[in-house]
Amino acid sequence: MRSLREATRGMRRAPLLSGLSIAAIGLSLFIIGLFALTAHNIDEALTDVESRVEVVAYLEEGTPEAIVSVARSEIGGFPEIEEVRFVSKVEALYDASRELTEFSDVFSDLEVNPLPASFELRLREGSRTPEDVERVAERLRGYEFVEEVRYGREWVDKVYALRRIAGGAALALGSAFALGSILLIGTAVRMAVLARSREISIMQTVGATDSFIRRPFLVEGLLTGVAGGILALGLTWLAWWTVNRSLLELQWLPDLWVALGIVLAAALGVLAAGRGVRKEISRIEAL
Amino acid sequence: MIQFRSVTKRYARSAPALDDVSFHVRKGEFVFLTGPSGAGKTSILKLIHMQGLPTEGEVRVSKYSSRKIRRREIPELRRRVGYVFQDFQLLEGLTAAENVAFALECTGTPRSRIEARVQRLLGQVGLAPRARSYPRELSGGEQQRVVIARALSTEPVVLLADEPTGNLDERATTGVFELFRRINAAGTTVVMATHDAELIRRNPGIRVLELEDGAVVYDSVSAGTGPGRST
Ligand SMILES: Nc1ncnc2c1ncn2[C@@H]1O[C@H](COP(=O)(O)OP(=O)(O)OP(=O)(O)O)[C@@H](O)[C@H]1O
Ligand SMILES: [Mg+2]
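Nothing here was measured: the structure is a model prediction, and the numbers come from that model.

K.L.:
How should the nonpolar core be read in this particular structure?
P.N.:
Soluble, globular proteins show a tendency: their nonpolar side chains are buried together. Residues and elements named next belong to chain B. Among the nonpolar cores identified, the biggest contains 39 residues, and Phe-32, Leu-122, Ile-148 and Phe-180 are the most heavily contacted of them. Contributing elements (two or more residues each) for this core: β3 (30-34), α3 (96-106), α4 (111-124), α5 (140-151), β7 (158-162), α6 (170-185), β8 (189-193) and α7 (197-202). Setting aside residues up to four positions removed in sequence, Ile-148 forms contacts with Val-84, Val-125, Val-176, Leu-179, Phe-180 and Ile-183.

K.L.:
Honestly, the side chain of Thr-8 of chain B in this entry has me stumped. Any pointers?
P.N.:
Residue and element names in this part refer to chain B. Examined against the element boundaries, Thr-8 turns out to sit in strand β1 (residues 2-9). Of the residues examined, Thr-8 reaches a relative accessible area of 6% and is grouped as buried. Separated by 3.1 Å, the side chain of Thr-8 and the backbone nitrogen of Asp-20 make a polar contact. Not counting residues up to four positions away in its chain, the partners in contact with Thr-8 are Pro-16, Leu-18, Asp-19, Asp-20, Pro-54, Thr-55 and Glu-56.

K.L.:
What am I meant to see in the packing of helix α8 (residues 197-206) of chain A against α3 of chain B here?
P.N.:
Two numbers describe a pair of packed helices, the interaxial angle and the distance between the axes. Orientation of α8 of chain A relative to α3 of chain B, taken along the N-to-C sense of each, is 60°, at an axis distance of 9 Å. In terms of orientation, α8 of chain A lies oblique with respect to α3 of chain B. Like other packed secondary-structure pairs, α8 of chain A and α3 of chain B cross with a definite hand, here right-handed. Judged by residue contacts, Glu-199, Ile-202, Met-203 and Val-206 of chain A of α8 of chain A engage Phe-102, Ala-103 and Cys-106 of chain B from α3 of chain B. Split into classes, the residues belonging to the contact of α8 of chain A with α3 of chain B amount to six nonpolar, no polar and one charged.

K.L.:
Would you take a moment to explain the interface of chain A and chain B for this structure?
P.N.:
Size of an interface: often given as the accessible area lost when the parts come together. Taken residue by residue, the interface counts 17 residues in chain A and 23 residues in chain B. The junction of chain A with chain B conceals about 1900 Å² of combined surface from both sides, 56% of it contributed by carbon and sulfur atoms. Linking Arg-71 of chain B and Asp-210 of chain A is a salt bridge whose minimum nitrogen-to-oxygen distance equals 2.7 Å. Across the chain A-chain B interface, the total number found is six residue pairs in polar contact (both at pLDDT 80 or more). Taken together, the residues of the side of chain A that touches chain B sort by class into seven nonpolar, four polar and six charged.

K.L.:
Mind showing me how you'd approach the pattern of salt bridges here?
P.N.:
If charged atoms from side chains of opposite charge come close, those side chains can pair. Counting across every chain of the model gives 20 salt bridges over all chains. Taking the shortest distance from any N to any O, the salt bridge between Glu-80 of chain A and Arg-139 of chain A comes out at 3.3 Å. On the criterion of sequence distance, the pair formed by Glu-80 of chain A in the loop between α3 (65-76) and β2 (81-87) and Arg-139 of chain A in helix α6 (residues 130-141) is long-range, its members being 59 residues apart. The exposure class assigned to Glu-80 of chain A is buried, which follows from its relative accessible area of 4%. Exposure remark for Arg-139 of chain A: the relative accessible area of 31% places this residue in the partly exposed category. The closest approach of N and O atoms between Glu-58 of chain B and Arg-60 of chain B, which form a salt bridge, is 3.3 Å. Judged by relative accessible area, Glu-58 of chain B falls into the buried class, the value being 8%. Residue classification places Arg-60 of chain B among the partly exposed residues on the basis of a relative accessible area of 26%. When salt bridges with common partners are traced through the structure, they connect Glu-80, Asp-132, Arg-135 and Arg-139 of chain A into a single cluster.

K.L.:
Got a minute to help me understand the domain arrangement of chain A in this structure?
P.N.:
Domain boundaries in chain A define domain 1 (2-48 + 160-286) and domain 2 (54-150). The gap between the C-alpha centroids of domain 1 of chain A and domain 2 of chain A is 53 Å.

K.L.:
When you look at the side chain of Thr-236 of chain A in this model, what are you seeing that I'm missing?
P.N.:
All names here are of chain A. Locating Thr-236 in the fold gives a position in helix α9 (residues 210-246). The class for Thr-236 is buried, based on a relative accessible area of 3%. Those residues in contact with Thr-236, other than ones at most four positions away along the chain, are Phe-30, Gly-33, Leu-34, Leu-37, Trp-252 and Leu-253.

K.L.:
Honestly, the environment of Thr-42 of chain B in this entry has me stumped. Any pointers?
P.N.:
Residue and element names in this part refer to chain B. Examined against the element boundaries, Thr-42 turns out to sit in helix α1 (residues 41-48). Placed 31 residues apart in sequence, Thr-42 and Glu-73 show a C-alpha to C-alpha distance of 22 Å. Those residues in contact with Thr-42 that sit more than four places away from it in its chain are Tyr-83 and Asp-162.

The rules behind each value
- Residues numbered from 1 in each chain as written.
- Chains lettered and ligands numbered in written order.
- Predicted model: local features only at pLDDT ≥ 70, side-chain atom pairs only at ≥ 80, totals over all residues.
- Heavy atoms only, no water.
- Core = buried A, V, L, I, M, F, W, Y, C linked by side-chain atoms within 4.5 Å.
- Buried < 20%, exposed > 50% of the residue type's maximum accessible area, 1.4 Å probe, protein only.
- Helix = DSSP H or I, 4+ residues; strand = E, 2+ residues; numbered from the N terminus.
- Contact = heavy atoms within 4.5 Å.
- Polar contact = N/O pair within 3.5 Å; in protein donor to acceptor, adjacent residues only side chain to side chain.
- Axes fitted to C-alpha atoms, helices over the stretch in contact; angles between N-to-C directions.
- Parallel < 35°, antiparallel > 145°, perpendicular 65-115°, else oblique.
- Left-handed = near helix turned anticlockwise from the far one by under 90°.
- Nonpolar A, V, L, I, M, F, W, Y, C, P; charged D, E, K, R; others polar.
- Buried area = accessible area lost by both parts, 1.4 Å probe.
- Salt bridge = Lys/Arg side-chain N within 4 Å of Asp/Glu carboxyl O.
- Domains from an automatic or database assignment.

Put into structure tokens, the structure is as follows:
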């Protein structure tokens, strides 16, 4: 309680400095926020693309219906498979003529339907890595009535490479900015400690304990961190809102990310303040 | 109460500020610490307050020893040993009462008791009417009384004063000095560093410890001439 009062008093006593450090933290977390927004949306897009990752198994001409239906339920039982759709020759033709309207005349004129029947498989979320796809394809090739298996392998690989790059960049940039924030808050708190060095030396003289002296600065770091986090949240939201209404539709960040961001900001504030205050206090005292 | 045993204090790479200093101050004593500038008066007071440890030898204060004290015991010690600076060291943004209250808060006095304690302390140093004044509105003597009230806030058994009258005129000096006498009469051990030969001469009943170049060159007790200076 006292610490809170002291901390806010300290912040009010040096409003420029506190404002500056909040702004600095806010800005660095804002950059993280922008990145998170980008990463999250890439992620969303990837999931979307991914959910469309399909494996198609073309069946040999004249495969009996009984075998098809047995195979269908068997394949549906693979752990990686979410859905199996059987597309008969007729349906295949129908789909093709519908999708390629320019050629619909050609299709209707055909005497023999050249399109094979097929199984279209959708994979479960979490089972869409290139390895999973390859495994499923291999198993499908094991059926003798399966003529060919297609599954845009390169496409799948690319999707995954992109996600790995996105993840790596997020991690690298995120930690760089987190480090920057720690240094910034540390400096701000050290300046705050310095600005109150007389107070601190009086406290030491009259016999205040170290933790008592430190506490208000830690609370100040906490408040600065949280305030910076909220500022960053506001800026990020503003950026999201602006892009969303003028350029392209973006997803807002998940609540968990937002909460984690604020907690991270608070933790950064306390951590950095702790570092700064320890250094400065030991410098103030003659000991 | 305070004991120095062959204390040497050397600050980074210079001649020692104190060189093999030994003396003993008993409970309830009043001691003048004197000597030319740079003799080591402040160094002695700081060692008593454990602002730094001796390079060699041992400083004992009450039950604490410089050899054994732990960092977390230092605040305890400092609550038993008040410190008064020549340059006051008051917080300019706080009133006299708030400056004293600040010290009480810092040392864990319950909030409900602070106001009454502040009034009593300011009354004790004769400053009750100026409680709401800011340091810049107070004379040097008055400011020094606030500092003394602050130093007394933890009810110390020892009061250290580093040239407390150095910035005061003669009248204010007399007033502040009388205050120290009264505090001492109530049982508190007082060690006062001073340049003021006149003050020492006017109070021949008080023990004098004279330093020069970091060594005790005269102690009116061990000199066998009784308290006061013989020269
Ligand atoms: N922190 C320090 N670092 C280095 N040297 C110091 C330090 N403090 C004091 N000294 C040196 O120690 C010696 C004794 O200093 P001290 O302050 O104890 O003297 P003093 O008797 O209090 O002098 P004054 O009457 O001017 O206050 C001086 O030579 C001083 O330069
Ligand atoms: Mg001095």
